[in-house]
Structures are given as structure tokens and as C-alpha cells.
Amino acid sequence: MSNTAILEINGEKHEFPLIVGTENEIGIDIKTLRGVTGGVTTIDPGYKNTGSCESAITFLNGEEGVLRYRGYAIEDLAEKADFLEVAYLLIFGNLPTQEQLDKFHADIKKESVVDDDIKKILDAFPKTAHPMGVLASLTSALTAFNPSSVNVDSEDDMYNAIVKILGKFPVLVAWTMRKKQGLPLNYGSEDLGYVENILKMMFEKPNKPYEQNDILINALDKLLILHADHEQNCSTSTVRIVGSSHAGLFASLSAGISALWGPLHGGANQAVLEMLEGIKEDGGDTKKYMAKAKDKEDPFRLMGFGHRVYKNFDPRAKIIKKAADEVLGDLGVEDPVLDIAKGLAEEALSDDYFVKRKLYPNVDFYSGIIYRAMGIPVEMFTVMFALGRLPGWIAQWREMRLRKEPIGRPRQIYIGENHREFKSINER
Ligand code: CMC
């Protein structure tokens, strides 16, 4: 195979090297394009064909439905690892030894308290505020209370910022939900596992002792692992690009949370549940909604279907579908919305429109059903996605800084007015 690509512009040939990844993915290295061509640029809206970086964190093959973190199959990690081990793996590159994991957890626990003044900020939000907006604001506000986490001149500084956010973020998540529900803000317990503690912080009632439920702990652990990273998606690219200006970790994460909020990205899990509820209330006629999804005049899309990269089954959706059946079975929940979801999935998987466009259920199609069975309010679903994605964002931000990547600054092709003479206001 030739290891260069040749581009001919106005009769002149330019040669560009090919970069081959460890899974034999090929990229054309166009770093010199503008220089050698005198300013020619590329246009790729939505970056469908653009690699923004080289990364050693997550591999996914959308055609074959493969997802691996640092070389480990998502199926193995979901079954055999816990969320904190996966977080360590993503951020530092290898699965931790017991000693490394214990130290990591101990360092996180030391940072699991937030400044009490954060409560005043939270208090200023109306109860109706969407939790994702609140979470983005509080995450950004953390910078003000932890100014030392902005300048990361060494790996130690970086480590400190990382354990700080891993400690404080679950507190913000739990408080965001408790504020909405009018419950007193609390802390968990140092004696609990990372995920166990999150559930205690979220669900402990002021008037009765909290009892842990292993089914919920295992289900949440699995969901968080499945959401932990997904290479250069919209929110992760946002975190990397904001961080590329050397903005601090918390500010970069806050931007990532805002990107995740949208219904075409993480907000899809909330949108799926709302869609399924809507179909139920409208009599449960799935065929009607299938027809709406296919009608190009109708803006309705089947939420939870399709993916920019997966053109085969989303491997996370397979694991989650099984988990949803198990969790609902274990908790003894019968949910008519799950039946509607199953019906829609069956119809879509055998429908020409969806088959031709390779639209399969994605991770968010089933995750909301589990969250609902766990008692998590619908508006918190995307917050749970953010909680899971946190280690991935951190790992990608850290990689970007360690590789000393340049500031992200795309080009454009200008299509506006040519030079115009200025006219004073009474001449216009
Ligand atoms: N329902 C109906 N038609 C669809 C859907 C859908 N959910 N998704 C894509 N299409 C059609 C689309 O209309 C287009 O048709 P045509 O070729 O006739 O114009 C074709 O499929 C290709 O779609 P696209 O919008 O060009 O694909 P994309 O790669 O730009 O978008 C997507 C990917 C995920 C934004 C899109 O599939 C979508 O809007 N899905 C619903 C929202 C959703 O579930 N998002 C969660 C993604 S997974 C979680 C995460 O990682 O963020």
C-alpha cells in the first residue's frame, strides 16, 4: 500500500502522508495543506470525515459494533470491572492493582466535600431549572473555590485536579436532584464504595435510615461503565477544544456538560422516555409513530435510534437491553413503557427505512427505562450520563494536555458579502 495520498488542485499535485492507527484505521495527514497549497482548506460540516486528534483511549468500530476502552472490550468491562476501576483505566491507561485502586479511592474520598458556599449558589436556582444547566453552572463554579486546579503545570497538579472533581462531582449531582425534590442537602459516607455512596447521597431520606440495594448498585455501576467514554463525540470534543486554550479542567468539563445536554446527544435519554410516555398516552399506537419518523415533512425522529458512528447494533445497547430486563425483573417492576419500547425496536429493526439507513437502537434507548425503574426522575437522566462520562472527559482532557496539542481553531470558507463601502446612517 502506498503511504501517501495525492491531491490535485488546479493541475498541481500535492502529496500528504498517511497515518495508520493500531487498528489499521487510515488518516490523511493534512497538517501542511494550507501551507503547500497557498491557503486551500477543507470543509466538513459536523466533522463527519475529520479526525481531530490521535488518541490511545477508546477504539470503536461502528460497522462491526466494537467498543473498547484502552484495548478492553466493553462487554468484559461491564461484566467484570467496577466503575472506579474503569475510570482509573481510562484516565491512566491500565487497569489498577488493588493497591493503586485503594489509593485512588482514598484520594478521591479526601476531596469529597464541597465548599458550603456552593449551597448558596444552588439555592439561587429556581426548582424548575433543568438539572443539566444547574450542574454545568456548579461545575464551573467549583473553579472559583479551587483556584489551584486551573494551572496544571505538572502531572501532580493534574492528578490533584482529577481526584478533586471525581470527589466533588457526585455531590453536585446528588444535590442537583435533592434541590429539585426539596430534600435537605447531605453527604454520603466515607465507608461506602464510590457508586454505593452516590446512591446514598441521592436517595437517603431525612427521616429513615438508608438501606443499600445491591441490584441498584450493580445496575448503576454497569450504566456508568457503558457511558464512560466514546472517543471524539460532541461533548468530548468540546472538553478537548475548551481545554486546548489551557482553560482549567472544571471549566472544560462544564462546557462538556452543556454539549451533552442537547437531545441529539446525551439529552436523548430524557427525550426517549418522554417520547415513549407520549406514545403510551396517545393509545400506544407504535405504527403511527413509525410513520411519523419516516415522514420527511414531519420533524419527529425516533429518539434513541441511529448513531453518527454505529452503523450496526450499538454494543452498549445490547448490554443495556439485557440489564433492563434483569433489573426490572429483580425489582419486580412491570412497565408498559418497556413494552412500547420493545414493540418499536422490533418494528424498526424490520422496517426498510431503518434497515436501509442502518438505524439501530442506541445506548439511550434502554438506559432511561432502567433509570426510571431505579426511581431517578426523567430530568436527571442526562445528569446520570454526565456522571458516567466524567472519567472519559477527564482522560481525553489529560491526554490532550500531555500531548501538548495546539489550540483548537478550525478554518472556514467565507460566503458573506465582498468588501462594501460604509454608508452613514442617513444614506442607508
Ligand atoms: N429517526 C428517523 N430517521 C432518522 C433517525 C431517527 N432517529 N436518525 C437518523 N435518521 C435518518 C435521517 O433523517 C437521514 O435520512 P435521509 O438520509 O433520508 O436524509 C438518515 O437517517 C441519516 O441521518 P443523519 O441525521 O444524517 O445522521 P447523523 O449521523 O448526522 O445523526 C444522530 C446521528 C444520532 C444525531 C441521529 O441518528 C438522531 O438524531 N437520532 C435520534 C437522537 C438520538 O437518539 N441521539 C443519541 C445518540 S447516542 C448517545 C450519544 O452518544 O450521544
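Scroll up to find the structure.
Residues numbered from 1 in each chain as written. Predicted model: local features only at pLDDT ≥ 70, side-chain atom pairs only at ≥ 80, totals over all residues. Heavy atoms only, no water.

Engineer: Could you give an account of the sheet that holds strand 2 (residues 12-20), with specific residues and numbers?
Structural biologist: The strand order across the open sheet built from 3 strands is 1-2-3, with neighbouring strands paired in antiparallel fashion. Of all the strands in the sheet, the pair left with one neighbour each is strand 1 (4-9) and strand 3 (26-28). In this sheet, neighbouring strand axes are inclined to one another by 30 degrees on average, regardless of whether the strands run parallel or antiparallel. Note: strand 2 against strand 3, 3 bridges, orientation antiparallel. Looking at the pairing, V20 lines up with I26 of strand 3. (Pairing = 2+ DSSP bridges. Helix = DSSP H or I, 4+ residues; strand = E, 2+ residues; numbered from the N terminus. Axes fitted to C-alpha atoms, helices over the stretch in contact; angles between N-to-C directions.)

Engineer: Tell me about the site of the ligand, and name the residues and values.
Structural biologist: Contacts to the ligand come from 21 residues, most closely from H265, R301, L302, G304 and R308. At a separation of 2.7 Å, an oxygen atom of the ligand approaches a polar side-chain atom of R301. G304 is positioned such that a nitrogen or oxygen atom in its backbone is 2.8 Å from an oxygen atom of the ligand. If the ligand stood free it would expose 940 Å²; the protein chains cover 78% of that surface. Grouping the amino acids of the shell around the ligand by side-chain chemistry returns 9 nonpolar, 6 polar and 6 charged. (Near = heavy atom within 4 Å. Polar contact = N/O pair within 3.5 Å; in protein donor to acceptor, adjacent residues only side chain to side chain. Areas by Shrake-Rupley, 256 points an atom, 1.4 Å probe, with all protein chains shown as cover. Nonpolar A, V, L, I, M, F, W, Y, C, P; charged D, E, K, R; others polar.)

Engineer: Outline unusual backbone geometry, supporting the account with residue identities and numerical values.
Structural biologist: When glycine is set aside, most residues are seen to have a negative phi, and most peptide bonds are trans. Located in the positive-phi region is N10, a residue other than glycine, with phi close to 50 degrees. Mapped onto the secondary structure, N10 falls in the loop between strand 1 and strand 2. Even without glycine at this site, H246 takes up a positive phi of about 70 degrees. In this fold, H246 is placed in the loop between helix 10 (234-243) and helix 11 (249-261).

Engineer: Describe the side chain of N186, and please don't skip the residues or the numbers.
Structural biologist: Mapped onto the fold, N186 is located in the loop between helix 7 (155-181) and helix 8 (194-203). Within the local environment of N186, its side chain forms a polar contact with the side chain of R178, the two groups lying 3.4 Å apart. Not counting chain neighbours up to four residues away, the residues in contact with N186 comprise W175, R178, K200, M201 and E204. (Contact = heavy atoms within 4.5 Å.)

Engineer: Report on the packing of aromatic side chains, specifying residues and quantitative values.
Structural biologist: Aromatic rings in a pair are described by how distant their centres are and how their planes are angled relative to each other. Tallied over the entire structure, the rule returns 13 aromatic pairs. Between the aromatic rings of F92 and F104, the centroid separation amounts to 5.8 Å while the plane-to-plane angle is 85 degrees, which identifies the pairing as edge-to-face. Within this pair, whereas F92 is found in helix 3 (residues 83-92), its partner F104 is found in helix 4 (residues 98-110), the two being separated by 12 residues in sequence. Assessed through its relative accessible area of 24%, F92 is described here as partly exposed. The rings of F305, Y353, F354, F365 and Y366 are connected pair by pair, giving a single aromatic cluster. Above the plane of the ring of Y353 lies R357, whose end atom (NZ or CZ) is 3.8 Å from the centre. (Phe/Tyr/Trp six-rings, centres within 6.5 Å; stacked < 30°, edge-to-face > 60°. Buried < 20%, exposed > 50% of the residue type's maximum accessible area, 1.4 Å probe, protein only. Lys NZ or Arg CZ within 6 Å of the ring centre and 35° of its normal.)

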